[in-house]
Amino acid sequence: RRPRVVVTLHNLPVGGRGVRAVSAVLERVVARGADVVLGVSGDLVARARARGARRTTRALVPAPTGPVVDGDRTQILTELGLGPASRLVLTVARLAPQKGLDTLLDAACSLARLPAGRDVTWCVAGGGPLLEGLRADAARRGAPVQLLGPRDDVPRLLAAADVVVSTAVWEGQPIAVQEALRAGCALVVTDAGGTREVVGDAAVLVPVGDAPAIAAEVATLLDDPQRVSQLRRDALARASTLPTPADVLGQLTQVYAGQLSRV
């Protein structure tokens, strides 16, 4: 008779070879010692199972519940220093290695060389340890990327965006992508970690690190208003299926009561 031990894995081990080796040992200890291991993405669930977890399943993460804004697009573009005819590609992310920022710059440069890339500005909202380095790299390369830094008006930016892009190399259940779904955005995202599990068919999925493919898909959407409208409808429909706090509570109640089937 003891408390049930439940562990939730939120991320892949990050660091050099030594850090990853130590993490692998700790993962095995946790996997074999816990009654249940939850993972925020399917690959983490498979990883825990491979490490010896007795019971494991995908953790539910509650979707954002903040306001959805129907902003004045012209006003928002003006605030960003853009003209009313400008087209806005938006990325919302913490500026850290996991977000594939080199790929983002490569994709922005590739997009600028395409016919559909004219009059397009790629804005990046968010702060983080790589902000200044990314700013310097973008200036050195002449990348058409505007770094906005940390913002408290992300819903307004989402409302103004023509296309929202994630270039991440790994994600669990990305909050920024969920926010974009709730805002009814047309999404182009890398098929990283649990992203596919979050977006389903409501986004264009591209391989991780494939900057030309990202640029090509964004350009295709900019030239296809009907496809964008369909993706916006799909995003709203998908958002309605995202986990709620009640769903999360229900799952955890089952887990702690020992009612989770062996998976």
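Cut-offs and rules
- Residues numbered from 1 in each chain as written.
- Predicted model: local features only at pLDDT ≥ 70, side-chain atom pairs only at ≥ 80, totals over all residues.
- Heavy atoms only, no water.
- Helix = DSSP H or I, 4+ residues; strand = E, 2+ residues; numbered from the N terminus.
- Rg over C-alpha atoms; globule rule 2.2 N^0.38 Å.
- Buried < 20%, exposed > 50% of the residue type's maximum accessible area, 1.4 Å probe, protein only.
- Contact = heavy atoms within 4.5 Å.
- Core = buried A, V, L, I, M, F, W, Y, C linked by side-chain atoms within 4.5 Å.
- Arc of directions from axis to C-beta.
- Pairing = 2+ DSSP bridges.
- Axes fitted to C-alpha atoms, helices over the stretch in contact; angles between N-to-C directions.
- 1 Å grid on protein atoms, 1.4 Å probe; cavity = no way out; pocket = protein on both sides within 12 Å on 5 of 7 lines; lining within 4 Å.
- Points joined across faces, edges and corners; volume = space filled by probe spheres on them.
- Nonpolar A, V, L, I, M, F, W, Y, C, P; charged D, E, K, R; others polar.
- Parallel < 35°, antiparallel > 145°, perpendicular 65-115°, else oblique.
- Left-handed = near helix turned anticlockwise from the far one by under 90°.

Draft legend 1. Spatial organisation of the overall build of the protein chain. From N to C terminus, the protein chain includes 11 helices and nine strands. Taking 2.2 N^0.38 as the reference for a compact globule, 263 residues should give roughly 18 Å; the C-alpha atoms of the protein chain span a radius of gyration of 20 Å, in line with that estimate. Per-residue burial over the protein chain gives 47% buried out of 263 residues. At a minimum sequence separation of 6, the contacts of the protein chain that also span at least 24 residues come to 68%.

Draft legend 2. Representation of the nonpolar core in the model. Trp122, Val145, Val188 and Val218 are the most contacted members of the largest nonpolar core, which totals 34 residues. The set of elements that each furnish at least two residues to this core consists of helix H4 (101-112), strand S5 (120-125), helix H5 (131-141), strand S6 (145-149), strand S7 (163-166), strand S9 (204-206), helix H9 (211-222) and helix H10 (225-239). Filtering out sequence-adjacent residues up to four positions away, Val145 remains in contact with Leu104, Leu105, Ala108, Trp122 and Val124. Counting residues in each nonpolar core, the second largest holds 30 residues, with Ala63, Leu80, Val92 and Val177 among its members.

Draft legend 3. Inspection of helix H7 (residues 175-182) at higher detail. If you check which residues of H7 are buried, you get Val177, Gln178, Ala180 and Leu181. Buried residues of H7, viewed axially, fall in a sector of 160 degrees; they line one side. Each element contacted by the buried residues of H7 is listed here: helix H6 (154-160), S7, strand S8 (187-190), helix H8 (195-199) and H10. Taken from the residues just after H7, Gly184 is the one with a positive phi, measuring 70 degrees.

Draft legend 4. Just the sheet that holds strand S3 (residues 56-58), in detail. One open sheet accounts for three strands, arranged S1-S2-S3; its pairing is parallel. Edge strands, defined here as strands with exactly one partner in the open sheet, are strand S1 (6-9) and S3. On average, adjacent strands in this sheet sit at an angle of 20 degrees to one another, irrespective of strand direction. Packing against the sheet, helix H2 (residues 42-50) makes contact with S1, strand S2 (36-39) and S3, and its axis sits at approximately 175 degrees to S3.

Draft legend 5. Here's a closer look at empty space enclosed by the protein. Counting across every chain of the model gives one cavity of 30 Å³ or more. Reported here for the largest cavity is a volume of approximately 30 Å³. Ranked by the residues each element gives to the lining of the largest cavity, the list is headed by H4, at three residues. For the lining of the largest cavity, the class distribution of residues is six nonpolar, one polar and no charged.

Draft legend 6. Spotlight on the packing of H4 against H5. At a minimum axis separation of 11 Å, H4 and H5 run at an interaxial angle of 25 degrees. On the basis of their axis angle, the class for H4 and H5 is roughly parallel. Pair H4 / H5 crosses with right-handed handedness. Facing H4, whose interface residues are Leu101, Asp102, Leu105, Asp106 and Cys109, H5 presents Leu134, Asp137, Ala138 and Arg141.

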